[in-house]
Amino acid sequence: MKQITSAQNPFIKSLVQLQEKAKARKQSGTFLIEGLREIELALKGNYIIETVLFQPDLITEKQLVTMFHNKVSLIEISKEVYQKLAYRDTTEGILAIAKTKSLQLSDLQLSECPLILIMEGIEKPGNVGAMLRTADAANIDAVILANPKTDLYNPNIVRSSVGCLFTNQIASGSTEEVIQYLLDKKINFYSATLQNSNAYHTQNYTTPTALVVGTEATGLTEAWRVKATQNINIPMQGEIDSMNVSVAAAILLFEAKRQRGF
């Protein structure tokens, strides 16, 4: 079995680039997954794992053989190398190199009455990850990134989603492409915005529905506000006029789930 003990190894340096640079991930079509649970969810989500790196003081080769059935290349790494690559100290000593997936809208497989979350221009990976967790908890059909401002395979999204990056159907496109997709599929969409909006709980989400949220700083772009089935808001009772976008998304999604009897 191959062993790597130096953090200066060229291969390890290339993996650091995968962690830090969206360009490296795009060019290679691969990204790093850290943690046993996250890797297990990636396998369940049909992600292709190319190579597994492990720190033998934390996880044994026997455990990995049982998990992967000799279908992936295993590389034993030193503690120094693991600490160079790992974001967290509590991820069981395992990292995997996985292939990215296609994010085409046409690849989505929807139910007869889908429920979709759309995020437009969300910049903070933590917010994207939190909304992926909520989408998984609500068991919705898909998550769509419109005009994305951060790479989906950013390690902070992988981490903050606690593996829910791998449990959701996800697609990406421009705002114009996503709106046309919804119109073609006859999916009503409700844009969360203060302008010309009604309280979120007054709308009917039992038909094919997409709920659209934007950035906390600037909100949704005009196209979403103008073309929406209805603009919606969450009434604020305090001094501020907005809340964290991931919290707002959770409120909207679970209202839709409540209406659908779940």
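So, here is what we can say about the structure in this document. Because the structure is predicted, anything quoted here is derived from the model rather than measured.

Some thoughts on the environment of leucine 15
Positionally, leucine 15 belongs in helix H1 (residues 10-20). For leucine 15, a relative accessible area of 2% translates into the label buried. Considered as a pair, leucine 15 and isoleucine 97 are 82 residues apart in the sequence and their alpha carbons are 8.6 Å apart. Once residues within four sequence positions are removed from consideration, leucine 15 is found in contact with Leu32, Leu53, Leu85 and Ile97.

A few points about the sheet that holds strand S1 (residues 2-4)
Judged by pairing direction, the sheet is mixed, and its 5 strands sit side by side in the order S1-S4-S3-S5-S2 without closing on themselves. Only two strands of the sheet have a single partner each, and these edge strands are S1 and strand S2 (30-34). Across the sheet, the mean angle from the axis of one strand to that of its neighbour is 25°, orientation sign disregarded. Pairing between strand S3 (residues 49-54) and strand S5 (residues 94-99): 5 bridges, direction antiparallel. Across the sheet, leucine 53 pairs through a bridge with leucine 95, a residue of S5. Contacts from helix H4 (residues 61-68) reach S3, strand S4 (73-77) and S5, with the element oriented near 165° to S3.

Some words on the packing of aromatic side chains
Going through the model one piece at a time under the given rule, you end up with 7 aromatic pairs. Note on phenylalanine 31 and phenylalanine 166: the rings are 6.2 Å apart at their centroids and 25° apart in plane angle, and the pair reads as stacked. Taken together, the residues span a long stretch of sequence, with phenylalanine 31 in strand S2 and phenylalanine 166 in the loop between helix H7 (155-160) and strand S8 (170-173) at a distance of 135 residues. Take phenylalanine 166: its relative accessible area is 4%, and that puts it in the buried class. Measuring from centroid to centroid gives 5.0 Å for tyrosine 47 and phenylalanine 166, while their planes differ by 75°, and the two rings are edge-to-face. In this pair, tyrosine 47 is assigned in the loop between helix H3 (36-44) and S3 and phenylalanine 166 in the loop between H7 and S8, connecting sequence segments 119 residues apart. Per residue, the accessibility class of tyrosine 47 equals that of phenylalanine 166, and both read buried. Connected via pairs of aromatic rings, a cluster forms that spans Phe31, Tyr47, Tyr153 and Phe166. The cationic tip of lysine 2 hangs over the ring face of phenylalanine 11; the distance from NZ or CZ to the ring centre is 5.5 Å.

A look at the nonpolar core
The biggest cluster of nonpolar side chains holds 50 residues, and the ones touching the most others in it are Ile33, Val52, Phe68, Met119, Leu132 and Leu211. A per-element tally of this core places helix H10 (residues 245-259) first, with 6 residues. In contact with leucine 211, other than residues within four places in its own chain, are Leu115, Ile116, Leu117, Ile118, Tyr190, Tyr205, Ile232, Leu252, Leu253 and Ala256. Leu105, Ile116, Ala142 and Ala171 belong to the second-largest nonpolar core, a separate cluster that totals 19 residues.

Describing the packing of helix H6 (residues 125-138) against H10
Interhelical geometry of H6 versus H10 gives an angle of 15° and a closest axis separation of 9 Å. Here H6 is positioned roughly parallel relative to H10, judged by the angle of their axes. Judged by the sense of rotation from one axis to the other, the crossing of H6 with H10 is right-handed. Touching Asn127, Ala130, Met131, Thr134, Ala135, Ala137 and Ala138 of H6 are Val245, Ser246, Ala249, Ala250, Leu253, Phe254 and Lys257, all from H10.

Cut-offs used in this document
- Residues numbered from 1 in each chain as written.
- Predicted model: local features only at pLDDT ≥ 70, side-chain atom pairs only at ≥ 80, totals over all residues.
- Heavy atoms only, no water.
- Helix = DSSP H or I, 4+ residues; strand = E, 2+ residues; numbered from the N terminus.
- Buried < 20%, exposed > 50% of the residue type's maximum accessible area, 1.4 Å probe, protein only.
- Contact = heavy atoms within 4.5 Å.
- Pairing = 2+ DSSP bridges.
- Axes fitted to C-alpha atoms, helices over the stretch in contact; angles between N-to-C directions.
- Phe/Tyr/Trp six-rings, centres within 6.5 Å; stacked < 30°, edge-to-face > 60°.
- Lys NZ or Arg CZ within 6 Å of the ring centre and 35° of its normal.
- Core = buried A, V, L, I, M, F, W, Y, C linked by side-chain atoms within 4.5 Å.
- Parallel < 35°, antiparallel > 145°, perpendicular 65-115°, else oblique.
- Left-handed = near helix turned anticlockwise from the far one by under 90°.

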